Amino acid sequence: MVKFRHLGLLLLSFILITTFSQSAYAHSGRTDANGGHNCSASSKAKGLCTGYHYHNGGSSSGSSSSSTSSGGSTSSTKPAAAPVETVPSGYVKVEKPTYTINVNGTSITNSSLKYPVISYKDITYFPMTFKFTQALALETVWDAETGFVIRKTSNKAGKLELDYGSTSSNLYASQPDFNIYVNDAWIDNGSEEYPLLVLNDVTYFPMTWHYAVDELGLSIKFENNTFYISK
């Protein structure tokens, strides 16, 4: 009889231990698609949980937030900003034209010239080298005392010869520090909308309609992405 009493006590103890263990780790409430859910008020009161948690192998809140944080970091990554070009003081940035240059009916390989044709404020500028001025039948004079003089002539166009070489990808020109005369008339170059420029120690002349046609007697036109100039 005593033996059966002991056996009954052991069985009762086992049932009580099992019941308390399950109540400590299990409580009411359905899980969501992630395998977790929020604590109910009664579960919080019993001290079974404190907030959102997972069951049945669901993802932990830590790994979820870490993944989100990692994903956010990746999506917010921006490419490095391109370096800002700094134009030297006293200079202006000029460029080689993307359009074709045609002189006296001949297209020139401007990208291969030592003294290339340039563009500034959307105006085509020609280098007043000896070879270009001869091809366009222009007379030029330069000396330190007088400055730069350019005149139109009644001469015929000369043979087009070119100086080939390389130039920097970034071109910066400045205004000349000497006097400018066009057909012996002094030009207030500093007040000009399209002033004469100096690049690589060569004077560049703006081929506007006023200067190219009216002053120098040249013919110019722009069509089919080509700038044409001729004597």
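Structure shown above.
Quick caveat: nothing in here was measured; it's all calculated off a predicted structure.

Participant: When you look at the environment of F178 in this model, what are you seeing that I'm missing?
Facilitator: Position of F178 relative to the elements: it lies in the loop between β10 (171–173) and β11 (180–182). Through-space distance from the C-alpha of F178 to that of F148 is 7.1 Å; in sequence the pair is 30 residues apart.

Participant: What's the story with the pairing of strand β7 (residues 123–127) in this structure? I'm lost.
Facilitator: Look at any regular strand and the pattern is simple: side chains alternate between the two faces of the sheet. The element β7 is largely enclosed, with a buried count of 5 among its 5 residues. Covered by surrounding structure in β7 are I123, Y125 and P127 together with T124 and F126, the residues of both alternating faces. For strand β6 (residues 118–120) and β7, the ladder comprises 3 bridges, and the chain directions are antiparallel. Bridge pairing links Y120 to I123 in β7.

Participant: Any chance you could explain the pairing of strand β16 (residues 226–230) here in plain terms?
Facilitator: Of the pairings in the sheet, the one linking strand β4 (residues 100–103) to β16 comprises 4 bridges and is parallel in character. Of the residues in β16, the one forming a bridge with V103 is I229. As judged from the 5 bridges shared by strand β15 (residues 219–223) and β16, these two strands associate in the antiparallel manner. Residue pairing across strands places S219 opposite S230, the latter belonging to β16. Where β15 hands over to β16, the hairpin turn is made up of 2 residues, of which N224 adopts a positive phi near 50 degrees.

Participant: What exactly am I supposed to notice about the sheet that holds β16 here?
Facilitator: Pairing between sheet strands relies on hydrogen bonds along the backbone, with the strands arranged either parallel or antiparallel. Read from one edge to the other, the open sheet built from 4 strands follows the order β5-β4-β16-β15, with strand pairing classed as mixed. Either end of the sheet is taken by a strand with one partner, and the two such strands are β5 (106–108) and β15. Averaged over all neighbouring strand pairs, the angle between strand axes comes to 25 degrees, with direction disregarded. The sheet contact formed by β4 and β5 spans 3 bridges and is antiparallel. Across the sheet, the residue bridging to V103 is T106, located in β5.

Participant: I'm lost on the nonpolar core in this one. Help?
Facilitator: Looking at soluble globular proteins, one finds that nonpolar side chains tend to be buried together. Formed by 28 residues in total, the largest nonpolar core has its most connected members in F126, F205, M207 and I229. Listed by contribution, the elements that provide at least two residues to this core are β4, β9 (147–152), β11, α5 (209–215) and β16. Per-element accounting of this core gives the leading share, 3 residues, to α5. Setting aside chain neighbours within four positions, we find F126 in contact with I101, V103, V117, F132, T203, Y204, F205, M207, F227 and I229. Ranked by size, the runner-up nonpolar core spans 12 residues in total, among them Y115, I118, Y120 and Y125.

Cut-offs used in this document
- Residues numbered from 1 in each chain as written.
- Predicted model: local features only at pLDDT ≥ 70, side-chain atom pairs only at ≥ 80, totals over all residues.
- Heavy atoms only, no water.
- Helix = DSSP H or I, 4+ residues; strand = E, 2+ residues; numbered from the N terminus.
- Buried < 20%, exposed > 50% of the residue type's maximum accessible area, 1.4 Å probe, protein only.
- Pairing = 2+ DSSP bridges.
- Axes fitted to C-alpha atoms, helices over the stretch in contact; angles between N-to-C directions.
- Core = buried A, V, L, I, M, F, W, Y, C linked by side-chain atoms within 4.5 Å.
- Contact = heavy atoms within 4.5 Å.

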